[in-house]
Amino acid sequence: EELVAQMMDDLYDGLAEEIEEATNILLERGWEPYQILTEALVAGMTIVGHDFRDGILFVPEVLLAANAMKAGMSILKPLLAETGAPTIGRMVVGTVKGDIHDIGKNLVSMMMEGAGFEVVDLGINCEAEKYLNALEAENADILGMSALLTTTMPYMKVVIDEMVAKGMRDDYIILVGGAPLNEEFGKAIGADAYCRDAAVAVETAKAFMA
Ligand code: B1M
């Protein structure tokens, strides 16, 4: 689809209005919200990520791309949440301390809500105490943690260790995700599961709640 290629260019250029417009056009053409999310927005952000890594794009440009992506996501969010699925469980989610990447976490929240989970989003740069307090206050079933930096992902273990120390580890299902993680890391830090993407997070959460 030509429009999808155009969207990837527009995302790269950080053009939020164009992304909104194209998202609406694809919806009118009958595209599923999830398909737009993955095939246009996430795919476009992957290209941005490569050029960021290679020093072709810099933080200001990537911030604009992130804003454009969020503009598209905000159109899709209510549609993904509109399934009318009964509540299956409650999840507290946040990006770990030192890390301000929130697009992946937001996507996970959206998909989880769409699948019938209640989500309490703690935002970015979350300290252990914040997660622990929220889990208890919100009577949550699941803790979801996101990290996008190799320097911040070890903090997930700090949070889990703190839960163990407080005797509350086994009261929750702990799911972790983010581009630099893998299954082995998830196991090593004592999480219940590593989730490769938002769809896997939903499937994994459902399986644990069943
Ligand atoms: Co950042 N950044 N960034 N950045 N950034 C990365 C992560 C990087 C890989 C880019 C690169 O070099 N190729 C690199 C990390 C290298 C490393 O650690 N090895 C990097 C760097 C270095 C940095 C800075 C240090 C740059 C600097 O300042 N010099 C800085 C750090 C700031 C900080 O956090 N302290 C920084 C800043 C930024 C921006 C602010 C400009 C912006 C973030 C804007 C925002 O989020 N609001 C940004 C962006 C956008 C990126 C890239 C390009 C894209 C991330 C993204 O949104 N992807 C990224 C490159 C990349 O990842 N390849 C990069 C789309 C999103 C849908 O995917 O987040 O992976 P993702 O989420 C997926 C899965 O991972 C999974 O599901 C999601 C959906 O399928 N998932 C979960 C994620 N969290 C989950 C939680 C779960 C389950 C699944 O819990 C249950």
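Each remark here, short or long, concerns the structure printed above.
Summarised in this report is the structure supplied together with it.

What counts, and at which threshold
- Residues numbered from 1 in each chain as written.
- Predicted model: local features only at pLDDT ≥ 70, side-chain atom pairs only at ≥ 80, totals over all residues.
- Heavy atoms only, no water.
- Helix = DSSP H or I, 4+ residues; strand = E, 2+ residues; numbered from the N terminus.
- Near = heavy atom within 4 Å.
- Polar contact = N/O pair within 3.5 Å; in protein donor to acceptor, adjacent residues only side chain to side chain.
- 1 Å grid on protein atoms, 1.4 Å probe; cavity = no way out; pocket = protein on both sides within 12 Å on 5 of 7 lines; lining within 4 Å.
- Sits in = over half its atoms within 2 Å of the grid points.
- Nonpolar A, V, L, I, M, F, W, Y, C, P; charged D, E, K, R; others polar.
- Donors = N, O, S within 2.8 Å, 3.2 Å for Na, K, Ca; no water.
- Expected span 1.5 Å × (residues − 1).
- Contact = heavy atoms within 4.5 Å.
- Salt bridge = Lys/Arg side-chain N within 4 Å of Asp/Glu carboxyl O.
- Buried < 20%, exposed > 50% of the residue type's maximum accessible area, 1.4 Å probe, protein only.
- Pairing = 2+ DSSP bridges.
- Patch = residues over 30% accessible without salt bridge, like charges linked within 9 Å, V, L, I, M, F, W, Y side chains within 5 Å.
- Areas by Shrake-Rupley, 256 points an atom, 1.4 Å probe, with all protein chains shown as cover.
- Lys, Arg positive; Asp, Glu negative; His and termini not counted.
- Charge placed at Lys NZ, Arg CZ, Asp CG, Glu CD.
- Right-handed = clockwise from strand over helix to strand, strands pointing away.

On to unusual backbone geometry, then. The phi torsion of most residues other than glycine is negative, and most of the peptide bonds are trans. Of note, the phi angle at Asn125 is positive, near 55°, even though the residue is not glycine. With respect to the helices and strands, Asn125 occurs in the loop between β2 (117–121) and α6 (128–137). Phi is positive for Asn139, which is not a glycine, with a value near 55°. Among the structural elements, Asn139 can be located in the loop between α6 and β3 (142–146).

Taken together, 32 residues lie around the ligand, and Ile100, His101, Asp102, Ser146 and Thr150 are the ones closest in. A distance of 3.0 Å is found between a nitrogen atom of the ligand and a backbone nitrogen or oxygen belonging to Gly98. One of the backbone nitrogen or oxygen atoms of Ala179 is found 3.3 Å away from an oxygen atom of the ligand. Among the detected pockets, the ligand sits in the largest pocket. Of all the elements, helix α4 (residues 59–80) adds the most residues to the shell around the ligand, at five residues. For the shell around the ligand, the class distribution of residues is 17 nonpolar, nine polar and six charged.

All right, on to the coordination of the cobalt atom of the ligand then. Of all protein atoms, just one serves as a donor to the cobalt atom of the ligand, and that atom is His101 (NE2), at 2.1 Å. By the element assignment, His101 lies in the loop between β1 (89–95) and α5 (103–114).

Our next topic: helix α9 (residues 198–209). For α9, spanning 12 residues, the distance from its first C-alpha to its last is 16 Å, which sits close to the expected 16 Å at 1.5 Å a residue. Where α9 is buried, its residues meet α5, β2, β3, β4 (173–177) and β5 (193–195). The distance from a side-chain oxygen at the start of α9 to the backbone nitrogen of Ala199 is 3.1 Å, and the residue carrying that oxygen is Asp197.

We now examine the pattern of salt bridges. One pass over the full model with this rule turns up 10 salt bridges. The partner of Lys70 in a salt bridge is Asp102, and the shortest N-O contact between them spans 3.0 Å. You can see Lys70 sitting in helix α4 and its partner Asp102 sitting in the loop between β1 and α5, a full 32 residues away along the chain. Owing to a relative accessible area of 31%, Lys70 belongs among the partly exposed residues under this scheme. Residue Asp102 is classed as buried on the basis of its relative accessible area of 18%. A salt bridge links Glu118 to Arg90; the nearest nitrogen and oxygen atoms lie 2.1 Å apart. One end of the pair, Glu118, is in strand β2; the other, Arg90, is in strand β1, and 28 residues separate them in sequence. Since its relative accessible area comes to 34%, Glu118 is described here as partly exposed. One continuous salt-bridge network, built from bridges that share partners, spans Arg90, Glu118 and Glu138.

Note that β1 and β2 share five bridges and pair parallel. Across the sheet, the residue bridging to Gly89 is Phe117, located in β2.

Let's shift gears to a negative patch on the surface. On the surface, a cluster of negative charge is contributed by Glu17, Glu18, Glu20 and Glu21. Looking at the secondary structure, you find Glu18 in helix α2 (residues 16–28). Using a relative accessible area of 35% as the deciding quantity, one classes Glu18 as partly exposed.

Below, the discussion takes up the pairing of β1. Burial within β1 is extensive, with six of its seven residues counted as buried. A crossover connection joins β1 to the parallel β2 through α5; in handedness this β-α-β unit is right-handed. Bridging between β1 and β3 involves five bridges; their strand directions are parallel. Paired with Gly94 across the two strands is Met145, which belongs to β3.

From the geometry alone we can't say anything about function, so treat these as descriptive.
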